[in-house]
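Here is what each chain is made of, one letter per residue.
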Amino acid sequence: MIKTGLFLLVSTAAFFLCFRAGYISLLTWEWLSVMKPQAEAWESSLINYQNMFAGLLTAIAVFAAKGRKAPPLNIFVILFFIFSIFIVLSQIFSLNSTLSAFKFNLAAEMLFLTFAILLMSNTKLKIQALLWVFVISVGYYGVTRGLMSIASGGRSSIRGAANSILQDNNQLAMALASMAPLALYLFRTSADAKWFSRMQTIENASQDNSFMTRVKAWDVAYHMGLKYPVLGAGGTIQYYPLYNSAFIAEEVVEKRRNGLLATHNAYLEILAGNGFIAFGAFLGMIGTAIMWCSKINKVTQNIPGLLWAAELGTMLQISLVVYAIGSMALST
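Let us look at the overall build of the protein chain. Regarding its fold elements, the protein chain presents 14 helices and zero strands. Along the protein chain, helices and strands appear, N-terminal first, in the series α-α-α-α-α-α-α-α-α-α-α-α-α-α. In the protein chain, which comprises 332 residues, the share counted as buried stands at 43%. Looking at the protein chain as shown, the accessible area adds up to about 17,800 Å², and 68% of this sits on carbon and sulfur atoms.

Before going further, it helps to examine the pattern of salt bridges. Summed over the entire model, instances satisfying the criterion amount to two salt bridges. Across the pair R188 and E311 runs a salt bridge, and its minimum N-O distance is 3.0 Å. Judged by its relative accessible area of 54%, R188 falls in the exposed class. A residue is classified by how much of its surface remains accessible, and E311, at 18% relative accessible area, is buried.

With 21 residues, helix α8 (residues 169-189) should cover 30 Å at 1.5 Å per step; its first-to-last C-alpha distance of 30 Å lies within 8% of that length. Looking at the buried side of α8, the elements it contacts are α7 (124-151) and α14 (307-326).

Attention now goes to a nonpolar patch on the surface. Together, F19, F53, L56 and I60 line one region of the surface with nonpolar side chains, adding up to about 420 Å² of accessible area. Inspection of the secondary structure assignment puts I60 in helix α4 (residues 46-64).

It is the contact of helix α5 (residues 75-92) with helix α13 (residues 276-300), at a shortest axis distance of 9 Å, that shows an interaxial angle of 150 degrees. By the angle between their axes, α5 is roughly antiparallel relative to α13. For α5 against α13, the interelement crossing comes out left-handed. Together, I75, F76, L79, F80, I82, F83 and F86 of α5 and I277, A278, A281, F282, G284, M285, T288, A289 and W292 of α13 make up the contact between the two elements. Classifying every residue of the contact of α5 with α13 gives 14 nonpolar, two polar and no charged.

Our next topic: the nonpolar core. The biggest cluster of nonpolar side chains holds 63 residues, and the ones touching the most others in it are L26, F83, M120, L166 and Y185. Excluding its chain neighbours within four sequence positions, the residues that come into contact with Y185 are Q128, L131, W308, E311, L312 and M315.

Locating F112 in the fold gives a position in helix α6 (residues 97-120). The exposure class assigned to F112 is partly exposed, which follows from its relative accessible area of 25%. With residues up to four places along the chain from it excluded, the contact list for F112 reads W29, A59 and F63.

On to the packing of α7 against α8, then. At a closest axis distance of 9 Å, the pairing of α7 and α8 adopts a crossing angle of 130 degrees. Relative to α8, the element α7 is oriented oblique. Every pair of crossing elements has a handedness; the one defined by α7 and α8 is left-handed. Contacts between α7 and α8 involve Q128, L131, W132, F134, V135, V138, G139, Y141 and G142 from the former and L172, A175, L176, M179, L182, A183, Y185, L186 and T189 from the latter. Considered class by class, the residues forming the contact of α7 with α8 number 14 nonpolar, four polar and no charged.

When you line up the elements, A129 lands in helix α7. In this structure the C-alpha to C-alpha distance between A129 and L186, which are 57 residues apart in sequence, comes to 10.0 Å.

It is worth spelling out α7 at this point. Here α7 spans 39 Å end to end across 28 residues, near enough to the 40 Å set by a 1.5 Å rise per residue. Within α7, the axis deviates most sharply at G139, by approximately 25 degrees. Buried residues of α7: Q128, L130, L131, V133, V135, S137, V138, G139, Y141, T144, R145 and S149, and no others. Looking one or two residues beyond α7, the residue adopting positive phi is G153, at roughly 75 degrees.

Reading the values: rules and limits
Residues numbered from 1 in each chain as written. Predicted model: local features only at pLDDT ≥ 70, side-chain atom pairs only at ≥ 80, totals over all residues. Heavy atoms only, no water. Helix = DSSP H or I, 4+ residues; strand = E, 2+ residues; numbered from the N terminus. Buried < 20%, exposed > 50% of the residue type's maximum accessible area, 1.4 Å probe, protein only. Areas by Shrake-Rupley, 256 points an atom, 1.4 Å probe, with all protein chains shown as cover. Salt bridge = Lys/Arg side-chain N within 4 Å of Asp/Glu carboxyl O. Expected span 1.5 Å × (residues − 1). Contact = heavy atoms within 4.5 Å. Patch = residues over 30% accessible without salt bridge, like charges linked within 9 Å, V, L, I, M, F, W, Y side chains within 5 Å. Axes fitted to C-alpha atoms, helices over the stretch in contact; angles between N-to-C directions. Parallel < 35°, antiparallel > 145°, perpendicular 65-115°, else oblique. Left-handed = near helix turned anticlockwise from the far one by under 90°. Nonpolar A, V, L, I, M, F, W, Y, C, P; charged D, E, K, R; others polar. Core = buried A, V, L, I, M, F, W, Y, C linked by side-chain atoms within 4.5 Å. Bend = angle between axes of the 7 residues up to and from the residue.

The structure is reproduced here in structure tokens:
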């Protein structure tokens, strides 16, 4: 009850401020999309409407703001639009659009949020605010779930909000790792027994069922990418039985007859789900962003008044590298 009251108080204040400043709409939407505080407060269909309302206010701010400027037409923006187009086309021509709809909806929300960030985050103040919301949204689960794990002696599972991009414990772990450099940047500018037990289970990878299931999932994803090279199989390839269950151990198929199996590799999931063009655009965006961060650091590090940008470039680069490596073992 306390959580619900606090959430209503904060969200009401945030929506009130949205009408005073368009950028607050973007920050509110980022908060509701990444952290999903609604799910912490209560289980209700109303949580979806709050998110939709924040997205609608952001759309109004993006397209109706005075003095709005389009992002520069550079290689990243071009790759972003190519990637977005193929995400949509993959869903339209999906092998089973009903099954892939959930992940497509999440992807569409994140893509438009990214587009809004490209359009609206054009000052130091806005960038700092954007980073603070992200760090607080992800860090909340790191702190609260960490305390819960300590209280339970390391027995509780650390997960994010239900039906969010941080729901899975592995996704949350990568988000926290990616957040750490940004938290350090913000700080400078303005031993779990269960973990070791988990690591010991993969000392011999060939004998670990979880690891070998991932290898088979990667094999399926690779072959699906070859079979559907242009648009992929349809946005997500969690649904292996639609293609060929022969790649998966019979006991796994028996346990999961609904066909829901994670890819455990963002690159292969995009390759199989959206095709080679989207896959190339995804790699290009990551590579371009990492190189630009390095360039920003070199250009601004000796300029008074822009030292914050130099440090941000370095920390963003570290965060992107963490994401790029972590995505090799996680689904999108």
